[in-house]
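What follows is the residue order along each chain.
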Amino acid sequence: FFFFNDTATTEIYTLSLHDALPIYERHLLATLDLRLDGLRLVVDAGHGAAYRLGPRVAEALGAYVVRLGCAPDGTNINDGCGALCPEPMQRAVVEHGCHLGVSFDGDADRAIFADERGRLVDGDRVLALCALAWKGTERLPGDRVVGTVMSNLGLELGLARHGIEFLRAPVGDRHVADLMERSGAVLGGEKSGHIIFRQHATTGDGILTLLQVAAVMVRSGRPLSELADQIEEFPQRLVNVPVWRRRGWREQPDLWRAVRRGEERLAGRGRILVRASGTERIIRVMAEGPDADEINDIVEEIAAVIREKMGSAPADSLG
């Protein structure tokens, strides 16, 4: 059962799954004011939560759907499919001559796309194509978008060229939602495909994201490849460095000297981000800029310092 509280009446309602799905489906359909007739797409549900409703909603709007990962057996969720393994979806788009494909993760709050050529279209590009399509309209009040510290610099610069403000939140959908609430933004999300359309939902919804992307394509008459290429992503490198412990990592002087050397090399042409994992004994090193080789060198230098200084327990801690 699903429980929710109507604050206007302070009454508690219960809905069975049988009752809730039609309500959810009607809500999704109501987010569009056009049909998707003639659109061909691949839907890979990862044998997860959207296996039934994802294809059904697209078909109800007139799209032709090729199904993948839509046969859950209780154990095969995300097994060689879905957002964590989008390659089968990418191949199917090309093989079936589709206009786009989408892969949901298991709980269907994230969506990763492929264009008609089978190229991946991630959350940064989804934010860009929606923001650029909606600039100056009620769909994007304030011409403001929220991403995270991991969002590609190309997204920020590409939006800025069109007069769209880009705000960065810490990693995590909760932080994105909080900053959207504080800033008044109605569009935000993460590179991983977790996109929030605050006019329709309070958190990420993969099916909703599919409908919004498809609607931009239909309304503009442009292929997804062209829409996605409106921004140029910078080369980006992320390395996870195992450490003995996370405590005290911010006070490691050799680490920050390496970071400063990297920043001097970039000279304002890119970004370096170093942060600790919230759950694992890992320090994440990310850099991005116009030159992939330079970015690799910078990340490797910083990672090497972390391995040397924090990768193993100090001798005096071993007893």
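Throughout what follows, the structure given in this document is the object of discussion.

What counts and how
Residues numbered from 1 in each chain as written. Predicted model: local features only at pLDDT ≥ 70, side-chain atom pairs only at ≥ 80, totals over all residues. Heavy atoms only, no water. Axes fitted to C-alpha atoms, helices over the stretch in contact; angles between N-to-C directions. Helix = DSSP H or I, 4+ residues; strand = E, 2+ residues; numbered from the N terminus. Parallel < 35°, antiparallel > 145°, perpendicular 65-115°, else oblique. Left-handed = near helix turned anticlockwise from the far one by under 90°. Contact = heavy atoms within 4.5 Å. Nonpolar A, V, L, I, M, F, W, Y, C, P; charged D, E, K, R; others polar. Phe/Tyr/Trp six-rings, centres within 6.5 Å; stacked < 30°, edge-to-face > 60°. Lys NZ or Arg CZ within 6 Å of the ring centre and 35° of its normal. Polar contact = N/O pair within 3.5 Å; in protein donor to acceptor, adjacent residues only side chain to side chain.

**What to know about the packing of helix 4 (residues 123-134) against helix 7 (residues 206-220)**
1) Next: Taken N-terminus to C-terminus, the directions of helix 4 and helix 7 make an angle of 50°; their axes are 10 Å apart at the nearest point. As the angle between them shows, helix 4 and helix 7 are arranged oblique. In the crossing of helix 4 with helix 7, the sense of the turn from one axis to the other is left-handed. Residues Val126, Leu129, Cys130, Ala133 and Trp134 of helix 4 form the contact with helix 7, whose participating residues are Thr209, Gln212, Val213 and Val216.
2) Next: Taken together, the residues of the contact of helix 4 with helix 7 sort by class into seven nonpolar, two polar and no charged.

**Focus on the packing of aromatic side chains**
1) Next: Enumeration according to the criterion identifies two aromatic pairs in this entry.
2) Next: Aromatic pair Trp249 and Trp256: ring centres 6.0 Å apart, planes at 40°, arrangement tilted.
3) Next: Above the face of the Trp134 ring, Arg139 is positioned so that its terminal group lies 3.9 Å from the ring centre.

**Here's the deal with the side chain of Gln90**
1) Next: Residue placement: Gln90 occurs in helix 3 (residues 87-95).
2) Next: Among the polar contacts made by the side chain of Gln90, one reaches the main-chain carbonyl oxygen of Gly118 at a distance of 2.8 Å.
3) Next: With residues near it in sequence (within four places) discarded, Gln90 still touches Ala114, Gly118, Arg119 and Leu120.

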